[in-house]
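# Structural overview for review
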Amino acid sequence: RFGRKFCEMLASPLTQCTWRTCGRRVPGVPSLWLRFCTSSSSSGQSKWEIQDEVVPTNSFFRHRGKLRIDHKFSKDDLSRFAQERKLFRTEPRLAPDTILTPAGKHEMDWLLTLKGLVSVTRVGDLLTDSFTTLLYERLSQDALMESVGVPPMLDAARGVASKQYEAFRMQMYWFALHVWLIHSKQHMIQDGEGLFVSAMCALLTRRVFEWQWKLVRMWIHDTGVPAMSVTHELTDLQEYVFGLCVTLDQAWKDEAASGTETALRCTDGELQGQCGLVPLVKHVLRVNVYSGTVEHDATALHELVVYLIRQRVMLERLPRGAFFAGDFTWCGMK
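Residues numbered from 1 in each chain as written. Predicted model: local features only at pLDDT ≥ 70, side-chain atom pairs only at ≥ 80, totals over all residues. Heavy atoms only, no water.

- In the nomenclature of an unreviewed UniProt entry, the protein corresponds to Ubiquinol-cytochrome c chaperone domain-containing protein from the organism Noctiluca scintillans.

### Overview of the pattern of salt bridges
- Using the criterion set out here, one finds 16 salt bridges in the structure.
- Across the salt bridge formed by Arg 85 and Asp 268, the nearest N and O atoms sit 2.8 Å from each other. Taken as a pair, Arg 85 in helix α3 (residues 75–89) and Asp 268 in the loop between α10 (260–265) and α11 (277–288) lie far apart in primary sequence, 183 residues in all.
- Look at Arg 85 and you get buried, because its relative accessible area is 12%.
- A residue is classified by how much of its surface remains accessible, and Asp 268, at 38% relative accessible area, is partly exposed.
- For Arg 206, the salt bridge goes to Glu 210, with nearest N and O atoms at 3.1 Å. Of this pair, Arg 206 and Glu 210 are both found in helix α8 (residues 195–222), 4 residues apart, which corresponds to roughly one turn of the helix.
- By relative accessible area, which is 43% here, Arg 206 ends up partly exposed.
- Each member of the salt-bridge network shares a partner with another, and the members are Asp 77, Arg 80, Glu 84 and Lys 282. (Salt bridge = Lys/Arg side-chain N within 4 Å of Asp/Glu carboxyl O. Helix = DSSP H or I, 4+ residues; strand = E, 2+ residues; numbered from the N terminus. Buried < 20%, exposed > 50% of the residue type's maximum accessible area, 1.4 Å probe, protein only.)

### Here's the deal with the environment of Met 172
- Locating Met 172 in the fold gives a position in helix α7 (residues 165–190).
- Residue Met 172 is classed as buried on the basis of its relative accessible area, which comes to 2%.
- In this structure, the C-alpha to C-alpha distance between Met 172 and Val 241, residues 69 residues apart in sequence, is 8.5 Å.
- Residue contacts for Met 172: discarding those within four places in its chain leaves Val 216, Trp 219 and Leu 237. (Contact = heavy atoms within 4.5 Å.)

### Observations concerning the packing of helix α5 (residues 128–138) against α8
- Taken N-terminus to C-terminus, the directions of α5 and α8 make an angle of 45°; their axes are 10 Å apart at the nearest point. Of the possible angle classes, the one that applies to α5 and α8 is oblique. Crossing angle aside, the handedness with which α5 passes α8 is right-handed. Between α5 and α8, the contacting residues are Thr 128, Phe 131, Thr 132, Leu 135 and Tyr 136 on the first element and Leu 204, Arg 207, Val 208, Trp 211, Leu 215 and Trp 219 on the second.
- Tallied by class, the residues present in the contact of α5 with α8 amount to 8 nonpolar, 2 polar and 1 charged. (Axes fitted to C-alpha atoms, helices over the stretch in contact; angles between N-to-C directions. Parallel < 35°, antiparallel > 145°, perpendicular 65-115°, else oblique. Left-handed = near helix turned anticlockwise from the far one by under 90°. Nonpolar A, V, L, I, M, F, W, Y, C, P; charged D, E, K, R; others polar.)

### A word on the packing of aromatic side chains
- Enumeration over the complete set of coordinates arrives at 11 aromatic pairs.
- Note on Phe 175 and Trp 211: the rings are 5.6 Å apart at their centroids and 85° apart in plane angle, and the pair reads as edge-to-face. Taken together, the residues Phe 175 in helix α7 and Trp 211 in helix α8 connect sequence positions 36 residues apart. By the burial criterion, Phe 175 is buried, and Trp 211 matches it.
- Relative to Phe 328, the ring of Phe 323 has its centre 6.3 Å away and its plane inclined at 20°; by these criteria the two rings are stacked. Per residue, the accessibility class of Phe 323 equals that of Phe 328, and both read buried.
- Three or more aromatic residues joined by ring pairs form one cluster here, namely Phe 131, Phe 323, Phe 324, Phe 328 and Trp 330. (Phe/Tyr/Trp six-rings, centres within 6.5 Å; stacked < 30°, edge-to-face > 60°.)

### Some thoughts on the side chain of Arg 312
- Inspection of the secondary structure puts Arg 312 in helix α12 (residues 299–317).
- We classify Arg 312 as buried; its relative accessible area is 9%.
- Beyond its immediate sequence surroundings of up to four residues, Arg 312 is in contact with Trp 180, Leu 181, Ser 184, Met 188, Trp 252 and Thr 260.

### With respect to the confidence of the model for the protein
- For the protein, mean pLDDT is 80; residues scoring 70 or higher make up 77% of the total.
- Considering only residues more than four positions removed or in separate chains, one finds that residues 1–46, a stretch of pLDDT under 50, has 76 contacts.
- Segment residues 57–64: pLDDT under 50, and 20 contacts once partners within four positions in sequence are set aside and those in other chains are kept. (pLDDT = per-residue confidence, 0-100.)

### Here we look at the packing of α3 against α11
- Relative orientation of the contacting elements α3 and α11 amounts to 110°, with a least axis distance of 8 Å. In this view, α3 runs roughly perpendicular relative to α11, as classed from their interaxial angle. Pair α3 / α11 crosses with right-handed handedness. Along its contact with α3, which presents Phe 81, Glu 84, Arg 85 and Phe 88, the element α11 presents Val 278, Pro 279, Lys 282 and His 283.
- Grouping the constituent residues of the contact of α3 with α11 by class yields 4 nonpolar, 1 polar and 3 charged.

### Some words on the nonpolar core
- Membership of the largest hydrophobic core comes to 81 residues, with the highest contact counts inside it found for Phe 175, Val 216 and Leu 285.
- The greatest single-element share of this core, amounting to 13 residues, is contributed by α7.
- Among residues more than four places away in sequence, those in contact with Phe 175 are Leu 135, Leu 139, Trp 211, Gln 212, Leu 215, Val 216 and Trp 219. (Core = buried A, V, L, I, M, F, W, Y, C linked by side-chain atoms within 4.5 Å.)

### Some words on α3
- Over its 15 residues, α3 runs 21 Å from end to end, which matches the ideal 21 Å to within 8%, given 1.5 Å per residue.
- Looking only at α3, the buried set comprises Asp 77, Arg 80, Phe 81, Ala 82, Glu 84, Arg 85 and Phe 88.
- Where α3 is buried, its residues touch α11 and α12. (Expected span 1.5 Å × (residues − 1).)

Pasting the structure below:
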């Protein structure tokens, strides 16, 4: 019995201790998990709760380290979500026939397979460059960024971010949304693939993340943050971005388990969750990207929701071979 209990304790280190964050004690939850929870209401009642998901296995280990955030929406929130579902159903840019269906092959040709083999064996990296180019291109779209309330880069061609820290953080959220889109596509592919393709997916995610945070570290330094504080600021930003990515993952898991297009077609009686995909994504973006400072009906917020949904649908349609080759373009807004 002692051996079983000891192994169980080792298998779930996060749930065996109590963490203190912002004056609150939350059993088993590190501070970064609390960064992306909706702030408490003015009445002092928490608007979220943390669930400990126990995942059964064939062994005697009980993996209790999987946590999820469940937002506790008010009646006003749920009423607003119902209105937003009606609004977005009439949004012409979310109609399936207005969203780009990328061309390309599902299977990888011999050259792409060879590039993948060279990359996963760490002989060289022949996969990442096309994705970093696609991500960099999004940072140079001044008009698009302004339409969603994100200040343009000072000089996108030379990779110069804003010197004002608040504007810089908005730009980093914009950057992170596209990295998340790339990651979400590789995760869709990885789910049903064998070892080789799974290794390609894992390598791609790691390389893109490493490239992303090297750039962000450089940009943080350029904003005038003292050298001794750069690592602290980078870690702080990583925690917030991690929170955004986790809540977006959870939104799609809860509300679009059968795919984004299916979720968009759902009527109120067919919802896979309690909110509907688009209202929940809008809530996540407002709380994270805009820090809850914009109105619920803000034009910039609406535009960002439409933009993100369109990109996600495009990537879900993108053939596997075209994705690994980086042979695609981002979906426009028209």
